[in-house]
Amino acid sequence: MAQPLSEFDLEGAWKSAEPAEAPARPAAATPHAGPTMPAPLVRSALRRQYAGIAFSLVITAFYLYVLAVTPSWILRGGILVLVAFNTAVTLRMIPLVRRLRQVRMDQPIRQFAEQLLLEFRDWHRFQTYWAGIAFPVSAMTGFFLGGTIGAQEPDASVLLMKPKLLLTGLGVTLAMMPLVVRLSRWMWKHSYQKDVNSLETWLNDLG
Amino acid sequence: MQSHRGLLHKLIRLYCPRGEEADDAWNEIYLQVHGALERFRGDAQASTWLYRVALNTLLTMQRKAYRRPATVGVEAAPEPGHDPEARSDAAERLHHVLMRLNEADRALIALHLEGFRAEEISETLGITANHVNVKVHRIKKQLQQWLNP
């Protein structure tokens, strides 16, 4: 099909946009010979993940402290479960962090965006799954801990003798589950969701 | 990298309209290229490899600033740090309409206008050469409509 004579010269205009003076090598940048630096987006995600690991370690230290001072066998059992749980979560986070760090910057754009998206979705699944387990376990341990302190009893097993109180604790825990799910969604929305949306937009635009 | 400064500069300008962002982008691309250099095995052309790293860097920098609308209108004010008088009127008009495209199309048409073949663009973007040709045709048609209303 014949092109109109008045057609804008795209290539000519593009070539004429050459900078009059080519930018100099950035002064602030210092090339490093170490491992590949993660992409800016990945660095933000890694910061959140490192913060998650640090939080998990602090909580574990607190549990270990309570474990050392409590005489209650129920609390000791609950805390051991929590420590094991936190250790498992931290160990599970390490390969996710490592994989995210290893996303190659020199991939074609589509593959790069797809891989990042996959990593973020894996993280989402991990976060949702573990939050679903972590909350009831933490809540029930907290219930026994609070109950022991509140009742001024050295042994939390006295709470087992009070079925009404026990059922109330369980009921409150279950009633709070929807809130926890909402909180988990809120955290996702304000951390990874925007990144995921924009990567999806890129992939859609690439077609 | 020095021999590709011209196109890198134009790409950065397309994705980072603000002066200080452009400086950050330069630093980031420079670091990313040097960081990834040890992985370069020569299985792609050096220029293809370089633009992959540069565009992936810009793509992830854009994500960081996603709250800000990436697409601006034709009447958008020139960004600080760039002298519009130093560029031709045609180049300015073209720049403004390129900013109306989505980010993926911007990368594609920039590589095409720079003279890359469809196969090279395909290797950089990760889409087929046929798809590149179809998209180039569609984008150029759209640009002509905007430039010759």
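### Topic: the overall build of chain B
Here's step 1: Counting its regular elements, chain B contains 7 helices and 0 strands.
Here's step 2: Sequence-ordered secondary structure for chain B, helices as α and strands as β, is α-α-α-α-α-α-α.
Here's step 3: Accessible surface, chain B as shown: approximately 6,500 Å² in total, 50% of it carbon and sulfur.

### So, the overall build of chain A
Here's step 1: Helix and strand content of chain A: 6 helices and 0 strands.
Here's step 2: Sequence-ordered secondary structure for chain A, helices as α and strands as β, is α-α-α-α-α-α.
Here's step 3: Counting the 207 residues in chain A, one finds 41% classified as buried.
Here's step 4: A separation threshold of at least 6 residues defines the contact pool for chain A, and within that pool the share at least 24 residues apart is 72%.
Here's step 5: A total of about 11,800 Å² of accessible surface is found on chain A, and carbon and sulfur atoms cover 67% of it.

### Remarks on the confidence of the model for chain A
Here's step 1: Of all residues in chain A, 84% have pLDDT values of 70 or greater, and the mean over the chain is 80.
Here's step 2: Mean pLDDT across the secondary structure elements of chain A bottoms out at helix 4 (residues 109-151) of chain A, with 80, and peaks at helix 6 (residues 193-206) of chain A, with 90.

### A look at the side chain of Glu28 of chain B
Here's step 1: Mapping Glu28 of chain B onto the fold places it in helix 2 (residues 19-36).
Here's step 2: Looking at Glu28 of chain B, its side chain comes within polar contact range of the side chain of Arg43 of chain A, at 2.8 Å.
Here's step 3: Ignoring anything within four residues of it in the chain, the contact list for Glu28 of chain B reads Met37, Pro40 and Arg43 of chain A together with Thr57 and Met61 of chain B.

### Some words on helix 2 of chain B
The α-helix advances 3.6 residues per turn, and as a result positions three or four apart in sequence lie on the same side.
Here's step 1: Taking 1.5 Å per residue as the helical rise, helix 2 of chain B with its 18 residues ought to reach 26 Å, and the 26 Å between its terminal C-alpha atoms agrees with that figure.
Here's step 2: The buried count for helix 2 of chain B comes to 14 of 18 residues, which makes it a mostly enclosed element.

### A look at the nonpolar core
Here's step 1: Membership of the largest hydrophobic core comes to 79 residues, with the highest contact counts inside it found for Phe120 of chain A together with Tyr15, Leu94 and Leu125 of chain B.
Here's step 2: Every residue in contact with Phe120 of chain A, bar those within four places of it in the chain, is listed here: Leu41, Ala45, Leu100, Trp188, Tyr192, Asp195, Val196 and Leu199 of chain A.

### A look at the pattern of salt bridges
Here's step 1: Tallied over the full model, the rule gives 14 salt bridges over all chains.
Here's step 2: Of the charged contacts in the structure, one is a salt bridge between Glu11 of chain A and Lys140 of chain B, with a shortest N-O distance of 3.0 Å. With one member in each of two chains, Glu11 of chain A in helix 1 (residues 10-15) and Lys140 of chain B in helix 7 (residues 129-147) form a pair that bridges those chains.
Here's step 3: Under the relative-accessibility criterion, Glu11 of chain A is labelled partly exposed at 30%.

The rules behind the values
Residues numbered from 1 in each chain as written. Chains lettered and ligands numbered in written order. Predicted model: local features only at pLDDT ≥ 70, side-chain atom pairs only at ≥ 80, totals over all residues. Heavy atoms only, no water. Helix = DSSP H or I, 4+ residues; strand = E, 2+ residues; numbered from the N terminus. Areas by Shrake-Rupley, 256 points an atom, 1.4 Å probe, with all protein chains shown as cover. Buried < 20%, exposed > 50% of the residue type's maximum accessible area, 1.4 Å probe, protein only. Contact = heavy atoms within 4.5 Å. pLDDT = per-residue confidence, 0-100. Polar contact = N/O pair within 3.5 Å; in protein donor to acceptor, adjacent residues only side chain to side chain. Expected span 1.5 Å × (residues − 1). Core = buried A, V, L, I, M, F, W, Y, C linked by side-chain atoms within 4.5 Å. Salt bridge = Lys/Arg side-chain N within 4 Å of Asp/Glu carboxyl O.

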